Amino acid sequence: MSVTLNSVAKQGKHGAAMMPIIQGVGRAAIEIAAVLRSAVFRGALGQAGSENIQGEQQQMLDVLADEIFFEEMRSTGFVCAVGSEEQEELLVIDEYTQADYLVLVDPLDGSSNLDVDGPVGTIFSIVRRKTANSDRPHVSDTLQSGQEVIAAGYVLYGPALMLVCSVGTGVNGYTFNSSNARFELSHPDIRIPETGGYYSVNESNSDIWLDNMGDNLERLKNKTGLGMRYVGAMVADMHRTLLKGGIFLYPADNKNNTGKLRLLYEAIPMGFVMEQAGGKAMSKNIAVLDIKPDTLHQRVPVYLGSKTKIDILLDS
Ligand code: P6P
């Protein structure tokens, strides 16, 4: 009998409460994966003709993935609101304003890869509300540091459909088995290797990096001799780093002087998973999980990976 996503219920003190929400993420992943596979035949590739709060061109599939994810969170009955990269404001679930949890999500991360059939992902984290259940959920409920995250993870739409998640007791990877339509445990207790792996960064920006990251990366390259891999979708670059070791980074630069990646639904969930897998997650000289968020769409520099590699990068 294979171990499925239901095993989350027996993981740590939060597992049982997180299982219905993570199962909802799994349902959304299956639906989104199906849409991605047939998008070209439905004329669904390409831009939606709209911009998100970040001023970035939305892909049609960004909008569709956001809708699918929100509906699956609504159907769990355990989520009172969703903060999404694709939505300027917090989306309150009116039927369940009394529910205990909020979900932060990047519904389709790396969507610029879609028209070249590259890997993309969904990134999520789950927090418990701070407002009273009798109150209406408020954006302040989302502005919690990564130390307060209850569960987080990502979906990788690659050659296989994978869901990698943690409820605070380590990291498990589940792969979708189309023969029984279940996510089955395929990568139990993922631990990031301290040796080997790659450095992963958009090195074309190195001449405009801030915080001396150009010199820092040269030190890492000289000391470790790591090869380089870069997909341009955080989920794919993070997943390879988690399994093979090394480092993924997106430094601040003079185009994005507070960084490009979003704190609440990219840096914190990936930092949570990385730390749960025995790695390190930094933003400049502070741990990602220690940053107190100010706004829903705040951006930060991000350095994630094997502890020894992060320490060499930051000369710490
Ligand atoms: P660049 C995708 O747009 C994304 O938000 C992350 O998934 C990815 O790591 C990063 O931006 C890629 O940015 O500037 O290298 O294309």
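Rules of the game
- In every chain, residue numbers begin from 1 and rise along the written sequence.
- Note on the predicted model: pLDDT of at least 70 is required for a residue's local features to be given, and 80 or more for side-chain atom pairs to be given and counted; whole-chain, interface and lining totals, by contrast, use all residues.
- Values shown for side chains rest on all heavy atoms present in the structure; no hydrogens or waters enter the calculation.
- For the purposes of this entry, the term helix denotes a DSSP run of H or I that reaches at least four residues, the term strand denotes a run of E that reaches at least two, and both are numbered from the N terminus.
- Expected helix span is computed as 1.5 Å times (number of residues minus one).
- Type-normalised accessible area, obtained with a 1.4 Å probe on protein chains alone, sets the label of each residue: buried when under 20%, exposed when over 50%, and partly exposed for intermediate values.
- The contact criterion used is simple: two residues touch if any of their non-hydrogen atoms lie within 4.5 Å.
- Nine residue types can take part in a nonpolar core, namely buried Ala, Val, Leu, Ile, Met, Phe, Trp, Tyr and Cys, and a core is a set of them joined through side-chain atoms within 4.5 Å.
- For each domain, the first and last residues come from an automatic or database assignment.
- A pair of strands is considered paired only if DSSP assigns at least 2 bridges between the two.
- Each axis is a line fitted through C-alpha atoms, taken for helices only over the stretch in contact, and angles between the N-to-C directions span 0 to 180 degrees.
- Angle categories are assigned with fixed cut-offs, so that under 35 degrees is roughly parallel, over 145 is roughly antiparallel, 65 to 115 is roughly perpendicular, and the rest are oblique.
- Crossings are sorted by hand: turned counterclockwise from the far helix by less than a right angle, the near helix makes the crossing left-handed, and turned clockwise it makes it right-handed.
- Lys, Arg, Asp and Glu make up the charged group, whereas Ala, Val, Leu, Ile, Met, Phe, Trp, Tyr, Cys and Pro make up the nonpolar group; the residues left over, Gly among them, are polar.

Draft legend 1. Up close: helix α2 (residues 60-76). Here α2 contains 17 residues, and its C-alpha end-to-end distance of 25 Å stays within 8% of the 24 Å for a straight helix at 1.5 Å per residue. Within the span of α2, buried status applies to L61, D62, A65, D66, I68, F69, F70, E72, M73 and T76. Residues of α2 that are buried make contact with α1 (15-38), β2 (57-59), β3 (79-84), β4 (91-92), β5 (101-109) and β6 (120-128).

Draft legend 2. Structural detail: the nonpolar core. Membership of the largest hydrophobic core comes to 46 residues, with the highest contact counts inside it found for Y154, M234, M238, L242, M270 and L304. Both domains that furnish three or more residues to this core are identified here as domain 1 (5-187) and domain 2 (198-314). Leaving out residues up to four positions away in the same chain, M270 has contacts with I123, Y154, M234, V235, M238 and L304.

Draft legend 3. Geometry of the sheet that holds β4. If you trace the eight strands from one edge of the open sheet to the other, you get β4-β3-β5-β6-β7-β8-β9-β10, paired in mixed fashion. Each edge of the sheet is formed by a strand with only one pairing partner; in this case those strands are β4 and β10 (182-187). In this sheet, β6 lies alongside β5 in antiparallel orientation, the contact comprising seven bridges. Each bridged residue has a counterpart across the sheet, and for L104 the counterpart in β6 is S125.

Draft legend 4. Expanded view of the packing of α1 against α2. One can describe the packing of α1 onto α2 by two numbers: an axis separation of 9 Å at closest approach and a directional angle of 150°. Judged by the inter-axis angle, α1 sits roughly antiparallel to α2. In this structure, α1 meets α2 at a crossing whose hand is right-handed. For the pair α1 and α2, contact is made by P20, I21, G24, V25, R27, A28, E31, I32, V35 and L36 and by L61, L64, A65, I68, F69, E72, M73, S75 and T76, respectively. Residue composition of the contact of α1 with α2, by class: 13 nonpolar, three polar and three charged.

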